[in-house]
Amino acid sequence: MNEQELIQLLRKKNEPAFKWLVDTYQQQVYNTVLTLVQNESDAEDVMQEVFIKVFESISSFRGDSKLSTWIYRISVHKALDKIKSTKTKKRFAIFVPWMQSEPEEPFYHPGLMLDKKEKGALLFQAIRQLPDNQQIAFTLIKVQGMNYEEVSGIMNISVKAIESLLSRAKSNLQKTLEKSER
């Protein structure tokens, strides 16, 4: 089945086609979202939201990009929405004592080897401090292993802009990590 046939089946709300789509993209979407939100439970919730959004809005998919690019774009936007809502809740919790959350645990990405977990936690903490666009570009290229063209399509900006974001992200990460080593 080619991409156009899949899209047509999805537009007809064909359940086997949707199941195939989820089975095919579930792990990549989860990994992308997990790296951004840095919480396994939140990543699972966001992943479900992504596929619900895909199912509900496939009729509006124009085909200007590959289906996978469109899915990743939705994933990134949903992950950013989750991050923003979490930050808002934390800020609001200052004023409402019963909303106080537990102190934030360091994030240990499940894909890291045991002996690298501590350094990985520091890296992910530093990534979380980057501006959103730098965080997305760095995560998709360096953590998820995507190429510049794919990320350009997902973020809807030029390859040159991606290169610039990645360069600034590396510089900012280096500064942050050097401070944490002192």
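Residues numbered from 1 in each chain as written. Predicted model: local features only at pLDDT ≥ 70, side-chain atom pairs only at ≥ 80, totals over all residues. Heavy atoms only, no water.

### Concerning helix α8 (residues 159–181)
Part 1: Helix length check: α8, at 23 residues, gives a terminal C-alpha distance of 33 Å against a target of 33 Å (1.5 Å per residue), a fit within 8%.
Part 2: The complete set of buried residues in α8 reads Ile-162, Leu-165, Leu-166, Ala-169 and Leu-173. (Helix = DSSP H or I, 4+ residues; strand = E, 2+ residues; numbered from the N terminus. Expected span 1.5 Å × (residues − 1). Buried < 20%, exposed > 50% of the residue type's maximum accessible area, 1.4 Å probe, protein only.)

### Focus on the environment of Gln-8
Part 1: Along the chain, Gln-8 falls in helix α1 (residues 3–11).
Part 2: We classify Gln-8 as partly exposed; its relative accessible area is 37%.
Part 3: Separated by 50 residues in the primary sequence, Gln-8 and Ile-58 have C-alpha atoms spaced 9.2 Å apart.

### Describing the side chain of Thr-32
Part 1: By the secondary structure assignment, Thr-32 is in helix α2 (residues 15–37).
Part 2: At 2.9 Å, the side chain of Thr-32 forms a polar contact with the backbone oxygen of Gln-28.
Part 3: Excluding anything up to four places from it in sequence, Thr-32 contacts Tyr-72, Leu-140, Gln-144 and Met-146. (Polar contact = N/O pair within 3.5 Å; in protein donor to acceptor, adjacent residues only side chain to side chain. Contact = heavy atoms within 4.5 Å.)

### Looking at the nonpolar core
Part 1: Core analysis: the biggest nonpolar cluster contains 49 residues, and Leu-10, Leu-21, Val-29, Phe-51, Leu-67, Trp-70 and Ile-71 have the highest contact counts within it.
Part 2: For this core, the secondary-structure elements that each account for two or more residues are α1, α2, α3 (40–57), α4 (67–93), α5 (117–128), α6 (132–143), α7 (148–155) and α8.
Part 3: Apart from the residues within four sequence positions on either side, Leu-10 is in contact with Ala-17, Phe-18, Leu-21, Ile-58 and Leu-67. (Core = buried A, V, L, I, M, F, W, Y, C linked by side-chain atoms within 4.5 Å.)

### Quick notes on a negative patch on the surface
Part 1: On the surface, Glu-40, Glu-44, Asp-45, Glu-49 and Asp-81 cluster together into a negatively charged patch.
Part 2: Ranked by residues supplied to the negative patch, first place goes to α3 with four residues.
Part 3: Looking at the element boundaries, Glu-49 is found in helix α3.
Part 4: Residue class for Glu-49 comes out partly exposed when judged on its relative accessible area of 36%. (Patch = residues over 30% accessible without salt bridge, like charges linked within 9 Å, V, L, I, M, F, W, Y side chains within 5 Å. Areas by Shrake-Rupley, 256 points an atom, 1.4 Å probe, with all protein chains shown as cover. Salt bridge = Lys/Arg side-chain N within 4 Å of Asp/Glu carboxyl O. Lys, Arg positive; Asp, Glu negative; His and termini not counted. Charge placed at Lys NZ, Arg CZ, Asp CG, Glu CD.)

### Section: the packing of α6 against α7
Part 1: In the contact formed by α6 and α7, the axes pass within 10 Å of each other and the chain directions differ by 140 degrees. Taken together, the axis directions place α6 and α7 in an arrangement best described as oblique. Crossing angle aside, the handedness with which α6 passes α7 is right-handed. Residues Asn-133, Ile-136, Ala-137, Leu-140 and Ile-141 of α6 form the contact with α7, whose own contacting residues are Tyr-148, Val-151, Ile-154 and Met-155.
Part 2: Along the lines of polarity and charge, the residues of the contact of α6 with α7 split into eight nonpolar, one polar and no charged. (Axes fitted to C-alpha atoms, helices over the stretch in contact; angles between N-to-C directions. Parallel < 35°, antiparallel > 145°, perpendicular 65-115°, else oblique. Left-handed = near helix turned anticlockwise from the far one by under 90°. Nonpolar A, V, L, I, M, F, W, Y, C, P; charged D, E, K, R; others polar.)

### Observations concerning α6
Part 1: Here α6 spans 15 Å end to end across 12 residues, near enough to the 16 Å set by a 1.5 Å rise per residue.
Part 2: In the segment just after α6, Gly-145 is the residue with positive phi, at about 75 degrees.

### Side note on unusual backbone geometry
Part 1: Backbone geometry places Lys-13, a non-glycine residue, at a positive phi of 60 degrees.
Part 2: If you trace the backbone, Lys-13 turns up in the loop between α1 and α2.
Part 3: With a relative accessible area of 37%, Lys-13 lands in the partly exposed category.
Part 4: The phi torsion at Asn-156 lies on the positive side, around 60 degrees, for a residue other than glycine.

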